[in-house]
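Listed here are the chains, written in short residue letters.
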Amino acid sequence: KAPCGLINCGNSCFGAAALHCLAHTRPVATYCLQSLHKCSKENWCFWCELQRHVLRVLKGHGAFSPVDIVSRIRNLGKQFHVGRQEDAHDFFLSMLNTLHTIYLTKAGGEKKFDQRTQETTLIYHIFGGYTRSQVKCMVCQYASNTYESMLDLSLHIVCDTIGCVTSALHSYTQPEYLDGDNKYKCD
């Protein structure tokens, strides 16, 4: 069955694009379709609203307006404003961060868990990963590795061919040689 579309409710195409991505991410859709998020909040809850949204998108019979989410856009990020064109990528990351925070709050709050444990929520399992940065001394061969968690990877894409993303990933992972003032110094 073809998914239904979303009606633009005034400069909200960025939100529709981001919501479609989230609604069609299979693990998120499965979580929402199985109504696994149980909420005791009396106020508006983005997980609850997303669950309703995904049900409408995947089981709906026609286009509908995401006004229930777009009208509360400031709950997802104070930098967003109703009726103003926004960046879909920024909005998507704000949705992920909001879902992650709700998940942690339900489990006892961010302060209850160390950083590594916080990175084991459903959102990090689906979208997260780690980047490794390695600095290696070319004299003694000592290598220092740093790992950083991430929910997205910013790539510099400069071409208009099918292999753009692959090429950008290849470029991102290429070794960079430090020299001069930027050179790695062993102890």
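Before reading further, recall that the structure is shown in the block above.
None of these values were measured; they are calculated from a predicted model. (Residues numbered from 1 in each chain as written. Predicted model: local features only at pLDDT ≥ 70, side-chain atom pairs only at ≥ 80, totals over all residues. Heavy atoms only, no water.)

Engineer: Hey, could you run me through the side chain of Q51 in this one?
Structural biologist: As for its placement among the helices and strands, Q51 is situated in helix α3 (residues 46-59). Within the structure, the side chain of Q51 is placed 3.3 Å from the backbone nitrogen of H37, a separation counted as a polar contact. Discounting residues that sit within four places of it in the chain, Q51 has contacts with Y31, C32, S35, L36 and H37. (Helix = DSSP H or I, 4+ residues; strand = E, 2+ residues; numbered from the N terminus. Polar contact = N/O pair within 3.5 Å; in protein donor to acceptor, adjacent residues only side chain to side chain. Contact = heavy atoms within 4.5 Å.)

Engineer: Is there a simple way to explain the pattern of salt bridges in this structure?
Structural biologist: A side chain with one charge can pair with a side chain of the opposite charge if their charged atoms come near. Counted under the stated rule, the structure contains three salt bridges. A salt bridge links R52 to E49, with the nearest nitrogen and oxygen atoms 2.9 Å apart. Remark: E49 and R52 occur in helix α3; sequence separation between them is three residues, near one turn of the helix. Linking R84 and E86 is a salt bridge whose minimum nitrogen-to-oxygen distance equals 3.0 Å. Its relative accessible area of 14% is what places E86 among the buried residues. (Salt bridge = Lys/Arg side-chain N within 4 Å of Asp/Glu carboxyl O. Buried < 20%, exposed > 50% of the residue type's maximum accessible area, 1.4 Å probe, protein only.)

Engineer: How should I be thinking about the pairing of strand β2 (residues 143-150) in this particular structure?
Structural biologist: Two faces, one strand: in a regular strand the side chains alternate between the faces of the sheet. With eight bridges connecting them, strand β1 (residues 129-136) and β2 associate as antiparallel partners. Bridging across to β2, Y130 finds its partner in S149. Adjacent in sequence and paired antiparallel, β1 and β2 are bridged by six residues, among which Q141 carries a positive phi angle near 70 degrees. (Pairing = 2+ DSSP bridges.)

Engineer: Can you walk me through the packing of aromatic side chains in this structure?
Structural biologist: Here a ring pair, both rings aromatic, is described through the centre-centre distance and the interplanar angle of the planes. A full pass over the atoms with the stated rule returns five aromatic pairs. The interplanar angle of 45 degrees and the centroid separation of 6.1 Å between the aromatic rings of W44 and F46 together place this pair among those described as tilted. Among the aromatic residues, ring-to-ring pairing joins F14, F80 and F91 into one connected group. (Phe/Tyr/Trp six-rings, centres within 6.5 Å; stacked < 30°, edge-to-face > 60°.)

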